[in-house]
Each structure stands twice: as C-alpha cells, then as structure tokens.
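Survey of secondary and tertiary structure
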Amino acid sequence: NTKRELLLQLMEWMQRHYDTLIDRYVNGQKTLEGKLRGFFEQELYVMEHESAYTKVSLDLWGLGQSDAEIRAHYARGYAIWRGRISSAIRDSLPVLEPAYCETVASMLISMVMGAQIQYLSAPDSFSLHSYMKQCLEELLQMLYQRAAAHETQIDLEEAE
C-alpha cells in the first residue's frame with residue numbers, strides 16, 4: 001500500500017533469495033574449506049551476475065540508518081549470516097570457542113562487504129577473485145593455527 005511497505009517486502013524477498021544462494025553454495029559442502037569457500041563463491045556470484053542486488057542492498061542499508069525497522073531487518077540478516085558461518089566453523093573445529101567463531105564470522109562478512117564496495121566502485125581496478133581467494137586462505141590459516149594451539153593446550157593439560 002505504501003512505498004515503505006514495498007521496500008520491506010523487497011527486503012524480505014532479498015533475504016529469501018540470499019538464503020537460497022547460501023543453500024546452493026554452502027549446504028552441500030562437507031569440509032570447513034568447502035563451506036567457507038561456498039560463502040565467498042556465493043558473494044562472487046552475486047557481485048558478478050546480480051550486481052543490482054548488491055547495489056539495492058547497500059542502498060537499503062543506507063536507508064536503514066534512519067529507519068529503525070529497516071535497521072532491525074539488517075541486524076537480523078547479519079545475525080543469520082554470522083550464525084551460519086560460525087556454525088560451519090564450530091562444526092568443523094569444535095575445539096574453538098563460540099565467541100571466537102562469531103568474531104571470525106564477523107570478519108568474513110566485513111571482508112565480503114569491503115569487496116562489494118570496492119568492486120562496485122571500480123570493478124576494473126579490483127581483482128575480486130584474487131581478493132576472495134586470499135581472504136579464504138588467510139581465514140583458514142588463522143582458524144587451523146588457533147585450533148592446533150588449543151589442541152596442544154588440551155594435550156598439555158591432560159598430561160599434567
């Protein structure tokens with residue numbers, strides 16, 4: 001009935017579409033590397049094939065800074081996204097603390113959002129594929145090192 005209602009319905013559709021893409025790229029993966037790669041590949045797909053989706057999403061995010069209901073919608077969406085990433089990490093590396101996994105999930109989202117802004121601003125001067133690949137490699141290295149350190153600590157505690 002109103003422009004605002006239309007925007008809210010658009011946001012709901014976008015969230016469902018995003019969930020469908022996450023299901024396509026992430027849910028069938030068995031390894032941590034495959035799952036995290038899926039999150040990055042999903043974003044690559046959207047940026048390369050559905051850039052209008054990203055542009056509208058960023059525009060609506062800006063609108064949400066002055067509209068509490070739109071801001072709450074984004075907060076829920078980010079919570080779902082962080083939860084999915086964090087769960088993928090915890091399922092693969094249960095030795096890691098849940099709070100740490102949540103922080104890493106926030107980092108992954110920040111990496112992707114930064115890529116979106118840079119790519120949309122100047123797609124020819126930004127290597128999206130190299131960026132995503134490097135982000136994945138760095139996150140995996142960080143996660144595996146942290147897990148190994150925890151396992152060593154557990155082994156030492158058990159030996160005492």
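A short tour of the structure in this document, coming up. Fair warning: this is a prediction, and the values are worked out from it, not measured in the lab.

**Some details on the packing of aromatic side chains**
Under the criterion given, the structure shown has five aromatic pairs. Seen from their ring centres, Tyr18 and Trp81 are 5.3 Å apart, and the 80° between their planes marks the pair as edge-to-face. Of this pair, Tyr18 sits in helix H1 (residues 3-25) while Trp81 sits in helix H4 (residues 68-92), and the two are 63 residues apart along the sequence. Each member of the pair, Tyr18 as well as Trp81, carries the same accessibility label: buried. Centroid distance Tyr78 to Trp81: 6.0 Å. Interplanar angle 20°. Geometry classified as stacked. Here Trp81 and Tyr78 lie together in helix H4, a separation of three residues that amounts to about one turn. Here Tyr78 and Trp81 have matching classes, each one buried. In textbook terms, an aromatic cluster arises when at least three aromatic residues are bridged by ring pairs, as seen for Tyr18, Tyr74, Tyr78 and Trp81.

**As for the pattern of salt bridges**
Per the counting criterion, the structure on display carries five salt bridges. The salt bridge involving Arg146 is made with Glu97; its shortest N-O contact spans 3.4 Å. With a gap of 49 residues between them, Arg146 in helix H6 (residues 128-159) and Glu97 in the loop between H4 and helix H5 (98-121) connect regions that are remote in the sequence. Glu137 is paired through a salt bridge with Lys133; the nearest N and O atoms lie 3.8 Å apart. Placement of both Glu137 and Lys133 in helix H6 is noted, with a separation of four residues, approximately one turn of the helix. A residue is classified by how much of its surface remains accessible, and Glu137, at 37% relative accessible area, is partly exposed.

**Some words on the environment of Glu97**
Using a relative accessible area of 27% as the deciding quantity, one classes Glu97 as partly exposed. Sequence-wise, Glu97 and His150 are 53 residues apart; in three dimensions their C-alpha atoms are separated by 9.6 Å. Once residues lying within four places of it in the same chain are set aside, the contact partners of Glu97 are Arg146 and His150. A distance of 3.4 Å separates a polar atom in the side chain of Glu97 from a polar atom in the side chain of Arg146.

Rules used in this analysis
All residue numbers refer to positions counted from 1 along the written sequence of the respective chain. In view of the model being predicted, local features appear only for residues whose pLDDT reaches at least 70, and side-chain atom pairs are presented and counted only at 80 or more, with totals across whole chains, interfaces and linings using the full set of residues. To get the side-chain values, all heavy atoms of the structure are used, and hydrogens and water are removed first. Each Phe, Tyr or Trp ring (for Trp, its six-membered ring) is paired with any other whose centre lies within 6.5 Å, and the angle between the two planes then decides the class: stacked below 30 degrees, edge-to-face above 60, tilted in between. Each helix is a run of H or I in the DSSP string that is no shorter than four residues. Each strand is a run of E no shorter than two, and both are numbered from the N terminus. Accessibility here uses a 1.4 Å probe with only protein chains present; expressed as a share of the type maximum, an area under 20% marks a residue as buried, one over 50% as exposed, and anything in between as partly exposed. The salt bridge definition used is simple: a Lys or Arg side-chain nitrogen within 4 Å of an Asp or Glu carboxyl oxygen. In this analysis, two residues are considered to be in contact whenever any of their non-hydrogen atoms come within 4.5 Å of each other. Polar contacts, as counted here, are pairs of nitrogen or oxygen atoms within 3.5 Å of one another; within protein the pair requires one atom able to donate a hydrogen and one able to accept it, and residues that are adjacent in sequence qualify only if both atoms are side-chain atoms.

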